[in-house]
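Chain and residue survey
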Amino acid sequence: MVRYQSTRGKYSHITAAEAIKMGIAPDGGLFVPDVIPGLSPDDLKKMENLTYQERACLILGLYLEDFSAEEIKSCVSSAYNETSFDDERIVPLVKIADDLFIQELWHGPTCAFKDMALQILPHLLTCSAQKTGENKTILILVATSGDTGKAALEGFKDVPGTQIVVFYPADGVSEVQKQQMITQEGKNIFVAAVEGNFDDAQTGVKNIFANEQFIQILNQQGIKMSSANSINWGRLLPQIVYYVSSYVDLRSEERIREGQAINIVVPTGNFGNILAAYYASRMGVPINKLICASNTNNVLTEFIRTGSYDRKRKFERTISPSMDILISSNLERLLYELTDHDAAAVSRWMEELSLSGSYQVNDAVAEQLTDLFWADFANDQQTMAAIKEVWQQHNYLLDTHTAVAWCVYKNYRQETDDSTPTLIASTASPYKFAGSVAESLLDAQTLADKTEFEILSHLARYTGQPIPAAIQGLEKKPILHKTITTQAEMGNTVLTLLGNRRG
Ligand SMILES: *Cc1c(COP(=O)(O)O)cnc(C)c1O
């Protein structure tokens with residue numbers, strides 16, 4: 001049976017349900033499976049005739065051996081269905097050229113790839129709670145810089161046995177992102193603005209998690225806190241599914257030969273999405289190179305090329321904000337795999353990172369990094385030029401994050417001459433970042449004095465492509481959440497919000 005162990009070495013033989021319920025290991029490490037289940041060429045072939053949902057059941061089943069087939073099926077069908085996704089294929093592929101395909105991961109309810117995991121995580125979590133005899137209500141606390149908050153609200157909305165509170169920075173999210181959150185419906189959801197920036201909101205949430213007295217108060221009310229961010233194995237696992245599934249699609253549509261390897265390009269921030277592709281490769285999906293694309297916060301480019309991780313640099317705000325990250329948490333899982341589960345080495349590097357802001361891996365790990373991965377970055381100017389070029393040449397509209405991946409792939413082709421068929425992971429609908437996308441295509445005068453919502457309609461008219469239902473008409477929706485708080489008051493705000501709802 002697949003069990004889970006912590007990358008810091010103090011926890012092992014943990015069942016999947018316990019690992020998902022705990023989220024992060026109590027020793028500060030992340031949970032990983034003790035063995036990675038394999039998929040033979042024959043297994044992949046058999047999947048060609050299955051739907052996305054059936055493939056998901058199969059792959060999740062390999063990792064969640066303590067879940068019954070019915071439990072998995074119920075989680076999968078609650079998550080990936082035609083009410084939540086606007087394309088019945090769930091993850092459609094778009095052919096750009098004979099050797100280049102775009103994997104659209106944003107057909108879920110919030111138009112970003114985070115839906116792929118956050119639509120199913122609440123069901124995996126409540127199922128895990130039931131299986132481990134947990135009878136408390138699970139309270140999810142989220143600090144968001146934009147995309148995660150809305151995806152978590154949509155995922156947890158009206159899921160029995162859960163409540164969710166999302167804190168967003170009062171100055172720090174886009175108009176569309178803010179409107180998406182403050183108009184959110186659902187009986188068990190709460191949204192509040194925090195005065196300050198994302199760090200202030202994030203620190204406030206961390207303080208609440210560490211506040212013993214607060215945990216006690218919740219406990220007396222029958223509530224237990226948990227987290228929905230990407231360190232939870234229950235968020236990473238559903239992402240492995242789409243890499244396997246898209247490979248199988250490429251094969252069944254005869255875009256590639258049997259057994260042929262592909263490259264995968266991933267616009268990367270916290271290293272979750274690209275790590276899922278790494279696990280797919282370890283399972284047996286033929287992958288030649290995993291191409292890691294960063295924006296000017298290019299700490300991962302340097303790391304993959306040199307084995308040296310250094311977060312001591314200026315944090316840059318870019319037009320691909322979901323990748324504005326200097327500490328990529330999920331990298332810890334990769335290091336654990338590349339060292340053959342050497343928890344002592346991983347713990348040492350993570351300690352160096354938190355004490356001095358940098359660490360250097362050994363030669364054996366550095367060599368594997370350059371073997372498996374290729375990395376580069378693009379700045380805002382290059383990103384905007386790519387959006388324009390791809391629209392003009394291919395009549396395909398990229399969002400700012402996917403455009404970073406496009407730039408890096410172009411550099412890769414130029415430097416390596418490798419013509420292996422390639423999949424670019426597209427992580428958001430272009431309409432989610434309409435301001436920057438429109439700026440790339442249209443002149444400044446056309447956009448002057450327009451609100452984000454006016455720009456959205458303008459962009460839709462210009463491209464002739466419809467605005468996704470999830471964003472359309474957003475500016476007219478009633479505002480349901482008006483709470484504003486400060487970092488120091490966030491705990492009290494949680495209690496007040498929960499209390500009001502019960503009363
Ligand atoms: C979160 C996000 C990313 C980064 O994904 P990671 O798993 O953190 O590497 C890229 N693009 C978009 C649109 C996102 O929301």
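Taking an unreviewed UniProt entry as the reference, the chain is identified by name as Threonine synthase belonging to Syntrophomonas zehnderi OL-4. Checking UniProt for the chain, the heading Sequence similarities (unreviewed entry) contains the comment "Belongs to the threonine synthase family." Heading Cofactor (unreviewed entry) of the UniProt record for the chain holds this comment: "pyridoxal 5'-phosphate".

With respect to the UniProt feature "modified residue: N6-(pyridoxal phosphate)lysine" (unreviewed entry) in the chain
Within this structure's numbering, the places UniProt gives as "modified residue: N6-(pyridoxal phosphate)lysine" (unreviewed entry) are Lys114. The residue Lys114 is located in helix H5 (residues 114–118) in this model. Residue Lys114 is classed as buried on the basis of its relative accessible area of 15%. For Lys114, the contacting residues outside a window of four places in its chain are Asp147, Thr148, Ala151, Arg235 and Ser322.

Focus on the pairing of strand S13 (residues 373–377)
The buried fraction of S13 is high, at four of five residues. For strand S10 (residues 287–294) and S13, the ladder comprises five bridges, and the chain directions are parallel. Looking at the pairing, Ser294 lines up with Phe377 of S13.

Thoughts on the site of the ligand
Taken together, the neighbourhood of the ligand is formed by 15 residues, with Lys114, Gly269, Asn270, Asn273 and Thr427 sitting nearest. Asn273 is positioned with one of its backbone polar atoms (N or O) 2.9 Å from an oxygen atom of the ligand. Taking Ser322, its side chain carries an N or O atom lying 3.4 Å from an oxygen atom of the ligand. When the ligand is considered free in solution it has 390 Å² of accessible area, and contact with the protein chains removes 96% of it. Across the shell around the ligand, the residue classes tally to five nonpolar, eight polar and two charged.

Some thoughts on the sheet that holds strand S5 (residues 137–143)
A sheet is described by the order of its strands in space; here five strands give the open sequence S8-S5-S6-S7-S15, paired in parallel fashion. Unpaired on one side and paired on the other, strand S8 (223–226) and strand S15 (483–485) mark the two borders of the sheet. When the angles between neighbouring strand axes are averaged without regard to direction, this sheet yields 30 degrees.

What about the sheet that holds strand S4 (residues 100–104)?
Taken in spatial order, the six strands line up as S3-S4-S14-S9-S10-S13 in an open sheet, and their pairing is mixed. For this open sheet the edge positions go to strand S3 (93–97) and S13, each flanked by a neighbour on one side alone. Shown here is a sheet whose adjacent strand axes are inclined to one another by a mean of 25 degrees, direction ignored. Summarising the sheet, S4 and strand S14 (residues 422–426) pair through five bridges and their orientation is parallel. Opposite Phe101, over in S14, you have Leu423 as the bridge partner.

Regarding helix H19 (residues 434–441)
Counting buried positions over the eight residues of H19 gives six, a clear majority of the element. What H19 keeps buried is the set Ala434, Ser436, Val437, Ala438, Ser440 and Leu441. Packed against the buried residues of H19 are helix H17 (380–394), helix H18 (400–416), helix H20 (444–447) and helix H21 (452–463).

Observations concerning the UniProt feature "domain: Threonine synthase N-terminal" (unreviewed entry) in the chain
The sites that carry the UniProt feature "domain: Threonine synthase N-terminal" (unreviewed entry) are, in the present numbering, residues 3–80. The straight-line gap between the two end C-alpha atoms of residues 3–80 is 26 Å; of that span, 47% is helix and 8% is strand.

Digging into the pairing of S14
With five of its five residues buried, S14 lies for the most part within the structure. The two faces of S14 match: Thr422, Ile424 and Ser426 on one face and Leu423 and Ala425 on the other face are all buried. Of the strand pairs in this sheet, strand S9 (residues 262–267) and S14 are connected by three bridges, and their pairing is parallel. Residue pairing in the sheet places Asn263 in a bridge with Thr422 of S14.

Concerning the side chain of Thr144
Considering the arrangement of structural elements, one finds Thr144 in the loop between S5 and helix H7 (147–156). Judged by relative accessible area, Thr144 falls into the buried class, the value being 1%. At 2.9 Å, the side chain of Thr144 forms a polar contact with the backbone nitrogen of Gly149.

Quick word on unusual backbone geometry
Residues other than glycine seldom take positive phi values, yet His13 does so here, at roughly 55 degrees. Even without a glycine there, the phi angle at Asp417 is positive, about 60 degrees. Mapped onto the elements of the fold, Asp417 is located in the loop between H18 and S14.

Some remarks on the pattern of salt bridges
Under the counting rule described, the total for this entry stands at 21 salt bridges. Across the pair Arg413 and Asp99 runs a salt bridge whose closest N-O atoms are separated by 3.1 Å. Residue Arg413 is found in helix H18, and its partner Asp99 is found in the loop between S3 and S4; the two are separated by 314 residues along the sequence. Linked by salt bridges that have partners in common, Lys21, Glu134 and Lys224 make up one network.

Definitions and cut-offs
- Residues numbered from 1 in each chain as written.
- Predicted model: local features only at pLDDT ≥ 70, side-chain atom pairs only at ≥ 80, totals over all residues.
- Heavy atoms only, no water.
- UniProt positions renumbered as here; feature names shortened; annotations may be inferred.
- Helix = DSSP H or I, 4+ residues; strand = E, 2+ residues; numbered from the N terminus.
- Buried < 20%, exposed > 50% of the residue type's maximum accessible area, 1.4 Å probe, protein only.
- Contact = heavy atoms within 4.5 Å.
- Pairing = 2+ DSSP bridges.
- Near = heavy atom within 4 Å.
- Polar contact = N/O pair within 3.5 Å; in protein donor to acceptor, adjacent residues only side chain to side chain.
- Areas by Shrake-Rupley, 256 points an atom, 1.4 Å probe, with all protein chains shown as cover.
- Nonpolar A, V, L, I, M, F, W, Y, C, P; charged D, E, K, R; others polar.
- Axes fitted to C-alpha atoms, helices over the stretch in contact; angles between N-to-C directions.
- Salt bridge = Lys/Arg side-chain N within 4 Å of Asp/Glu carboxyl O.

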